[in-house]
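Working through the structure, step by step
Chain by chain, the residues:
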Amino acid sequence: MDLNVTRQQYDAVRNAKHLPDVLGKVLDGAKRDGNGHVLHLTYEEATALNELCSWNVHTDESGAVTPDSKVYDDLVRAIMTHPEF
């Protein structure tokens, strides 16, 4: 699957703690596209990216996603709703 990500999303994943080598390779191979990148992901890589982003989504006392983790929440939603996932 090809997943379009913004520069902010790309940077967030690149700087995430415990970035698996397989996702590092995906990021290294990403193609620039306007204001972001296109990630070419296998199903397994998309699942790994989804899990990594899910681990980085945090909520406040009311259950709302915190502003600093919204970038990860947006990526989780993009992956989960992608027609090829």
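Refer to the structure presented above.
So, a few notes on the structure that sits alongside this text. Computed from a prediction, not measured in an experiment: that's the story for all the values here.

Parameters and conventions
Residues numbered from 1 in each chain as written. Predicted model: local features only at pLDDT ≥ 70, side-chain atom pairs only at ≥ 80, totals over all residues. Heavy atoms only, no water. Helix = DSSP H or I, 4+ residues; strand = E, 2+ residues; numbered from the N terminus. Buried < 20%, exposed > 50% of the residue type's maximum accessible area, 1.4 Å probe, protein only. Contact = heavy atoms within 4.5 Å. Areas by Shrake-Rupley, 256 points an atom, 1.4 Å probe, with all protein chains shown as cover. Lys, Arg positive; Asp, Glu negative; His and termini not counted. Charge placed at Lys NZ, Arg CZ, Asp CG, Glu CD. Salt bridge = Lys/Arg side-chain N within 4 Å of Asp/Glu carboxyl O.

Before going further, it helps to examine the overall build of the chain. Assigned secondary structure in the chain consists of four helices and three strands. Each helix and strand of the chain, placed in order from N terminus to C terminus, yields the pattern β-α-α-β-β-α-α. Scored against the burial criterion, the 85 residues of the chain give a buried share of 39%. The long-range share in the chain, meaning contacts at least 24 apart out of those at least 6 apart in sequence, stands at 62%. Summed over its atoms, the accessible surface of the chain is roughly 5,400 Å², and 49% of this surface lies on carbon and sulfur atoms. In the chain, 8 positive and 14 negative side-chain charges are present, and the distance between their average locations comes to 6 Å.

The full count for this structure, using the stated rule, is four salt bridges. Residue Asp 11 is joined to Arg 7 by a salt bridge in which the shortest nitrogen-to-oxygen separation is 3.4 Å. Here Asp 11 and its partner Arg 7 are both found in helix H1 (residues 7-14), four residues apart, which amounts to about one turn of the helix. Assessed through its relative accessible area of 38%, Arg 7 is described here as partly exposed.

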